[in-house]
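Here are the chains, one letter per residue:
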Amino acid sequence: MNRPSKLASAIKFGLIASVSTSAYTVSNTAFAEEVGADVERIAVTGSRIQRQDMETASPVTVIGAAEIRAEGFTSVDELLQAQTSMAGAAVGSSTNNGADGVAQVDLRGMGSQRTLVLLNGRRMVNSGSGADSSVDLNAIPVAMIARVEILKDGASAVYGSDAIAGVVNIITKKDFEGFQVDVTGGMTDKSDGENGEISALYGFNTDTGNYTFGAAYSERKGVVQSDRDWTDPGSSSFIPNGSLGGKVKDENGNWVDREEGYDYTQDSFYQTPNKRYSLFANMTQELGDDIVLTGDVLYTKRKSNQQLAPQPANIMLDVCEAGDDPMTCLELDQDMIDAGIKPDDKGQVNYRKRMNDVGPRIYSQDTDTWRISAGLEGSLDINTGMNWDASYTYGNNKAKTKVENSINANLMADAIYADQDPWLTGQPMTDQELLNSVAYTENADGGNEQHVFSAGLNGELFDLDAGAVAFAIGAEYRYESGYYNPDPVVVAGESTAAQQDPTDGSYNVISVFQEVSVPFTDKLTGEFALRFDDYSTFGNASTWKIGLTYEATDDLMLRTVAATGFRAPSVSELYGGDSGSYDYLTDPWGNEQDPQILVNRTSDEDLKPEESESYTAGLVYSPSYIDGLSLTVDYWRFKVKNAITRLDTQAGLDACYAGDASACETFNIGPNGDLSNLTNSLTNVGFQDTSGIDFNLAYSFEALNLDWVVSNDTTYLLNFEQDGKDYTGTIDGNFGAYAEVRNNFSIKAGQDDWSVMYFNRYIGEMDDLGTGDTVDSVLYHNISASYFINDAWMLSAGVKNFTDEEPSKVSNGSDGGTVPEVYDTVGRTYFAGVTMKF
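Residues numbered from 1 in each chain as written. Predicted model: local features only at pLDDT ≥ 70, side-chain atom pairs only at ≥ 80, totals over all residues. Heavy atoms only, no water.

Draft legend 1. Highlighting the state of the cysteines. Here the structure, examined in full by the defined rule, presents two disulfides. Covalently, cysteine 320 is tied to cysteine 329 through a disulfide, its sulfur atoms 1.8 Å apart. As the torsion about the S-S bond is roughly 100°, the cysteine 320-cysteine 329 disulfide counts as right-handed. The class of cysteine 329 is buried, set by a relative accessible area of 3%. Through a disulfide, cysteine 656 is tied to cysteine 664; the S-S separation comes to 1.9 Å. In this structure, the disulfide formed by cysteine 656 and cysteine 664 twists by about 100° around the S-S bond and is classed as right-handed. On the accessibility criterion, cysteine 664 (18% relative accessible area) is buried. Taken in sequence order, the bonded cysteines of the protein link in the pattern 1-2, 3-4. (Disulfide = S-S within 2.5 Å. Buried < 20%, exposed > 50% of the residue type's maximum accessible area, 1.4 Å probe, protein only.)

Draft legend 2. Structural context of the sheet that holds strand 29 (residues 596–602). Sheet architecture is open: three strands sit in the order 28-29-32, paired in mixed fashion. Where the open sheet ends on each side, the last strands, each with one partner, are strand 28 (579–584) and strand 32 (679–681). Looking at each pair of strands side by side, their axes are set apart by 40° on average, direction ignored. Relative to strand 29, strand 28 runs antiparallel, the two being bridged by six bridges. Bridge pairing links tyrosine 582 to leucine 598 in strand 29. (Pairing = 2+ DSSP bridges. Helix = DSSP H or I, 4+ residues; strand = E, 2+ residues; numbered from the N terminus. Axes fitted to C-alpha atoms, helices over the stretch in contact; angles between N-to-C directions.)

Draft legend 3. How the structure looks around the sheet that holds strand 37 (residues 736–737). Strand order across the open sheet formed by four strands is 37-36-40-41, with mixed pairing between neighbours. Where the open sheet ends on each side, the last strands, each with one partner, are strand 37 and strand 41 (774–775). Relative to strand 37, strand 36 (residues 730–732) is paired through two bridges, and the arrangement is antiparallel. Residue pairing across strands places aspartate 732 opposite glycine 736, the latter belonging to strand 37.

Draft legend 4. Spatial organisation of the pattern of salt bridges. All chains considered together, the criterion is met by 28 salt bridges. In this structure, lysine 190 engages aspartate 189 in a salt bridge whose closest nitrogen and oxygen atoms are separated by 3.1 Å. Among the salt bridges present, the one from aspartate 689 reaches arginine 637, with a minimum N-O distance of 2.7 Å. Of this pair, aspartate 689 sits in strand 33 (residues 683–703) while arginine 637 sits in strand 31 (residues 629–645), and the two are 52 residues apart along the sequence. Shared partners join several salt bridges into a network, and the residues in it are Arg114, Arg567, Glu573 and Glu610. (Salt bridge = Lys/Arg side-chain N within 4 Å of Asp/Glu carboxyl O.)

Draft legend 5. Molecular detail of the environment of asparagine 719. Its place among the elements puts asparagine 719 in strand 34 (residues 706–722). Overall, the relative accessible area of 15% leaves asparagine 719 in the buried class. Along the sequence, asparagine 719 and tyrosine 738 sit 19 residues apart, while their C-alpha atoms lie 9.0 Å from each other. Residues contacting asparagine 719, with those up to four places away along its chain left out, are Asp689, Thr690, Ser691, Asp726 and Thr728. For asparagine 719, the side chain forms a polar contact with the main-chain oxygen of aspartate 689, separated by 2.9 Å. (Contact = heavy atoms within 4.5 Å. Polar contact = N/O pair within 3.5 Å; in protein donor to acceptor, adjacent residues only side chain to side chain.)

Draft legend 6. Geometry of unusual backbone geometry. Of note in this structure, alanine 131 is not a glycine but carries a positive phi near 50°. Tracing the sequence through the fold places alanine 131 in the loop between strand 5 (122–123) and strand 6 (145–151). Given a relative accessible area of 6%, alanine 131 falls into the buried group. For asparagine 672, which is not glycine, the phi dihedral falls at a positive 60°. Within the secondary structure layout, asparagine 672 lies in the loop between helix 12 (661–666) and strand 32. Relative accessible area serves as the criterion here: at 69%, asparagine 672 is assigned to the exposed category.

Draft legend 7. Region of interest: the pairing of strand 23 (residues 467–485). The sheet contact formed by strand 22 (residues 439–464) and strand 23 spans 19 bridges and is antiparallel. Residue asparagine 448 lies in a different strand from strand 23, and its bridge partner there is glycine 482. From the end of strand 22 to the start of strand 23, which pair antiparallel, there are two residues. Two elements, strand 23 and strand 24 (residues 503–519), share 15 bridges in a ladder whose sense is antiparallel. Across the sheet, the residue bridging to arginine 478 is valine 509, located in strand 24.

Draft legend 8. Up close: the packing of aromatic side chains. Per the stated rule, a full pass over the model turns up 20 aromatic pairs. Ring geometry for tyrosine 535 versus phenylalanine 538: centroids 4.7 Å apart, planes at 25°, classification stacked. Residue class for phenylalanine 538 comes out buried when judged on its relative accessible area of 17%. Positioned above the aromatic ring of tryptophan 636, the side-chain terminus of arginine 108 is 3.9 Å from the ring centre. (Phe/Tyr/Trp six-rings, centres within 6.5 Å; stacked < 30°, edge-to-face > 60°. Lys NZ or Arg CZ within 6 Å of the ring centre and 35° of its normal.)

Draft legend 9. View of the nonpolar core. Residues Val76, Leu80, Leu137, Ile140, Ile145, Val148 and Ile170 are the most contacted members of the largest nonpolar core, which totals 41 residues. Taken together, the elements giving at least two residues each to this core come down to helix 3 (76–81), strand 4 (115–119), strand 6, strand 7 (166–172), strand 31 and strand 34. Top element by residues in this core is strand 31. It accounts for four residues. If near-sequence neighbours (up to four positions away) are discounted, valine 148 is found in contact with Thr61, Val62, Ile63, Leu79, Leu80, Val168, Asn169 and Ile170. Core analysis: the second largest hydrophobic core is formed by 27 residues, Ala415, Tyr417, Leu434 and Leu435 among them. (Core = buried A, V, L, I, M, F, W, Y, C linked by side-chain atoms within 4.5 Å.)

Draft legend 10. Main features of the side chain of glutamine 348. Within the fold, glutamine 348 resides in strand 19 (residues 348–354). Within the structure, glutamine 348 has its side chain in polar contact with the side chain of aspartate 318 (distance 3.1 Å). Sequence-distant contacts of glutamine 348, defined by excluding residues within four places in its chain, comprise Met316, Leu317, Asp318, Val319, Lys342 and Pro343.

Draft legend 11. Representation of the pairing of strand 44 (residues 829–837) within the structure. In this sheet, strand 44 lies alongside strand 8 (residues 178–188) in antiparallel orientation, the contact comprising nine bridges. Each residue of the ladder has a partner; that of valine 181, found in strand 44, is methionine 836. By the bridge criterion, eight bridges tie strand 43 (residues 793–800) to strand 44 in an arrangement that is antiparallel. Following the sheet pairing, alanine 797 is matched in strand 44 by alanine 832.

Below, the structure written as structure tokens:
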């Protein structure tokens, strides 16, 4: 067997520069090393072939547990969204409106549904409020993570659906021996946003295996938007005193034009509260005769909250005509008529009121997520090098959600008809009994379920002059189901919130796959993958992948991958009932003054899968004349066609206003800009085309009697087009950020028992998609340190956003005048932790 070159030895750093702050340990999926075998074979994210090293054609970034601790990350989504390969606006701890406490990852900004999330190399159940299309990363506690591997390449040929933009594989701690307790905590320099986690890990070895158990509890408290002095006050046309036909009553009882809007930032969060309780376990047990049993169990309970301004009640009231029963309609007096309040073509007048008298909308979620996975692996014959494996994974997610202080629109209309005076005085209401009669607590429930059976065979087929031809073949059965039951008042369309129908559905898929690795020469290796999937919903799909690695010199390796991919429509996309969404839009007709406009969203059972092409080409360089230095450069491009998408609603509004009749029809826009039935349907007409260059550098050396590690990670976005619109170098409250340049830099210095680290994170300037103005770049500075008191105790501390950088202003940003999913909206944060190991 050929001895690895210096380059091969350095691949673990050059290929994965982000691991610079912690020692990289390869996956322990093979039990061979622990039981004394001569050579360990490892599983690399992006391939099912067991390998002896990390030399693959696909770019992979690895984030180690020590790096996670050093940067003070308290959630998986936070650490992932800090990577330069991320874009868009994945929902997470800073998403106060519409996320239901979910945290997701958005690789390349292509949408969270196009990034596959694995746990220990196997699928994780989709999770959230029910019938979800992505994994809720809150279900995975940071305490259980050994490392995170990010495959920045299309991988549908290996893993099937959803891996269009890449794969995030979270590897948990295993093979642990002893008892360890970790306590971490932090807060902002404004004395809010407190967060903390306490976790315990216990593991022991037997003669033939290892058992590791863990538990974690974490809590995050909220940060209110108006508590930051840079926050732009909100301005909503829904005001506490109420308005009728756009007019309000002044203190003298006269109907006048509304002048001031309501500042909703005083009720909304920048950081949402969250509590998580987690239990997890891993086991590896040799059963004899070259058979190994592996398993892992994860349970997480999440209790989360969000808060929005009091419900904006938007009610169309029927105006009384001659002979009408005054208890069923609104009577317009002469003062109203003189003020210009008059019914529309439907005989109605619009009444708007911010329901401060009832209180803010308090959203809460109580979710339970289970995942149980077990597998057997062994050798057919140790002399042939043929290995087999079989596994079963079960995932289940259930959620109960609430919205306190919701308003029943029908009951409120009836109350106004019955007695206009309390509602139309222009003064705060004092009749609590009347308010209670129109308010209610919205209750909903949902869930997701997953079953995956998989079996495979891998090994070496035969030898060539340059080495053995390796392969992996297998088959898989997967079942996915999901449901969501909104509150009956919402389903009936009687709430002042958007109407929504229930969702319920399932599908299954049978897959067969194969991979082959061929060493054509000592320097050139080819990787080939082919997969066939047969879905119960739309039929079948085939995908392939071709990769080449060429070791040009002992210092330089060239690599390239071309692949096809697909994403099957999810349960919610296929079977989701009609639902409403209040999107941040501008009405070009000027009929709607509020920045949030109701859009009816529909699904489609006849949706087809998305199809994609991906291409990467790059190099790994580890110069022999500079010990400890390695770097990678990769060009990447992803193209998606038949994308399941909703068209750009704002573009549709603008096109209709400009006279495009087809746009008016597509979005159900009525005459004179009537948006009462504004609709955006899921369809297969979307496309994405994005490309860029990744540069990674890692350098470890000794100087000044210190050990140093330097790391730099840069992503340069060349292009991002979606559905005919160029988002390159732009930012928007609905779509997020597509900065041309994102850069992460870190430097670490230390000795045996201490280390100090400095990080900075740069997000380049962008154009405001709404105004075209330049949105300033931002550079965040983080500092941390760790100290080993002895073998049993370690202390760590740090500061995030050391210079307290303010987020850049965005005209079409969400609450607060920015995009919280992109910029730090909390400010300078201190964190500290202690580790005790016995």
